[in-house]
Amino acid sequence: MKKILTFLILLFSVAVFSQRTCSTNTKLNELKNNVPGFTEHHRDVMEYIQKPNNEQSQFLRGVNAPAVVVTIPVVFHVLYKNATQNISDAQINSQLAVLNSDYRKLNADFNTVVPAAFRPLGADMEIAFCKATRTPTGATTTGITRKSVSSTFVFEDSYYLAAGELAWDPTKYLNVWVGRFSDPQILGFAYLPSAAGSAFDGLCIGDQFFGTTGTASAPFNKGRTGTHEIGHYFGLEHPWGDDGSSCGSGANSDGVADTPAVDNPHYDCPTFPTNVNTCTSSANGAMFMNYMDYVDDACMAFFTAGQKTIMQNTLAGPRLSLLTSNGCASLGLNEVDAIKAIAVYPNPVSKYFMITSPQVEIDEVEVFNSMGQLVKTQKLTQSNNVINIEELASGTYYLRIYNQGQFLKSDKVIKK
């Protein structure tokens, strides 16, 4: 009898471990219950980023197109209780590689995992990730911190406190804490944009579900827990929403038009098509292979265009400060002042304006109209550059100024 009981306990443990569990909603509900006014704030933020015609993000989409990728500085905080949990640089790099593949729709398994019916909906998020090369104070860094914590350390509760590792400025860096959860059912969690800038803001993830090598364990050893949780960081909800699982009540909505409505998660590796958990049966059924569902790592492989809109709305609002971070740059400490010295004049203008940059090199300007459409690109070869916009209609135009592909400054001009 004792052997049978032991076997059942082990079997149950394996079953729990083999199904994805994300604690983002749990952490969100803690904030709603404990922080006055947060419920309303969260609702307002989610309505803002789920609005498909968000005017501010239309501009952002314009300045990031065509083929202009937003690069997010990342710092990895490794909190370990033993040598095994002190994961290698190689494991960290493997997770970074997965993120850069998945968020650019460059993952090799896209065509094999995503059914043909859903492939046209797949989108390049135009987001890249880099390990931070300098700290908030300007010191050189590898983008990795390591700290030994006590055996009684509760990772999911204390990761961001002094007992763990304090966040680097969360308005400028994506903080990723890697450790071992006390609750074995948790794979990870990340805070939605309504918590942007908080001391605990970022991704918290178990080392067994992080990257593709080292301590990463099947079926969560392809780095997709990181992809999933950072989707939350950029504003994506689970396909069944965050307030319940009742079809028809509106509570199950993730605010994305091109993800079929479902009322519960999918686990393991379902066979396509399936209408299990769908709110309305269809020939294609549930989009269980989306990164925001709960299937195994090997069975999720894409984000949709609708999800991209939400991410870009987030980058146009709650996480806008990430776009001006120097976390991955290696320029001198006088960089900010030099960039401020870039001048655009006269303004308003009839035919042409000047761009003058006396302290920092610039080599390209992009001009966008008020709809976020790229209308002109010009190489800059001198300290004083003439930009002719005589052919453009009257109105307001937005500028993006670069050097060697690195964004330096935005500005605007008014054409008379």
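That block above? That's the structure.
Everything in this summary refers to the structure shown in the same document.

## A word on the overall build of the chain
In terms of helices and strands, the chain carries ten helices and 13 strands. Within the chain, contacts between residues separated by at least 24 positions form 68% of all contacts whose residues are at least 6 apart in sequence. Accessible surface, the chain: about 18,100 Å² in total, of which carbon and sulfur atoms supply 54%.

## Observations concerning the pattern of salt bridges
Throughout the structure, instances matching the rule amount to 13 salt bridges. Residue Arg20 is joined to Asp297 by a salt bridge in which the shortest nitrogen-to-oxygen separation is 2.5 Å. Taken together, the positions of Arg20 in the loop between α1 (2-17) and α2 (24-34) and Asp297 in the loop between α8 (224-233) and α9 (305-316) put the pair 277 residues apart, joining distant regions of the chain. The residues Arg20 and Asp297 share a single accessibility class, namely buried. A salt bridge links Asp102 to Arg224; the nearest nitrogen and oxygen atoms lie 2.8 Å apart. With Asp102 in helix α5 (residues 89-102) and Arg224 in helix α8, this residue pair connects regions lying 122 residues apart in the sequence.

## A short note on unusual backbone geometry
For the bond from Ala218 to Pro219, the omega torsion is 5°, close enough to zero to count as cis. Along the chain, Pro219 turns up in the loop between β6 (203-206) and α8. The backbone of Lys105 sits at a positive phi, close to 55°, despite the residue not being glycine. By the element assignment, Lys105 lies in the loop between α5 and α6 (110-113).

## Let's talk about the side chain of Thr141
Tracing the sequence through the fold places Thr141 in the loop between β2 (127-131) and β3 (144-148). Only 3.0 Å separates the side chain of Thr141 from the backbone nitrogen of Gly143, close enough to count as a polar contact. In this structure Thr141 touches Ala132, Thr133, Arg134, Thr135 and Trp168, once residues within four positions along its chain are discounted.

Analysis parameters
- Residues numbered from 1 in each chain as written.
- Predicted model: local features only at pLDDT ≥ 70, side-chain atom pairs only at ≥ 80, totals over all residues.
- Heavy atoms only, no water.
- Helix = DSSP H or I, 4+ residues; strand = E, 2+ residues; numbered from the N terminus.
- Contact = heavy atoms within 4.5 Å.
- Areas by Shrake-Rupley, 256 points an atom, 1.4 Å probe, with all protein chains shown as cover.
- Salt bridge = Lys/Arg side-chain N within 4 Å of Asp/Glu carboxyl O.
- Buried < 20%, exposed > 50% of the residue type's maximum accessible area, 1.4 Å probe, protein only.
- Polar contact = N/O pair within 3.5 Å; in protein donor to acceptor, adjacent residues only side chain to side chain.

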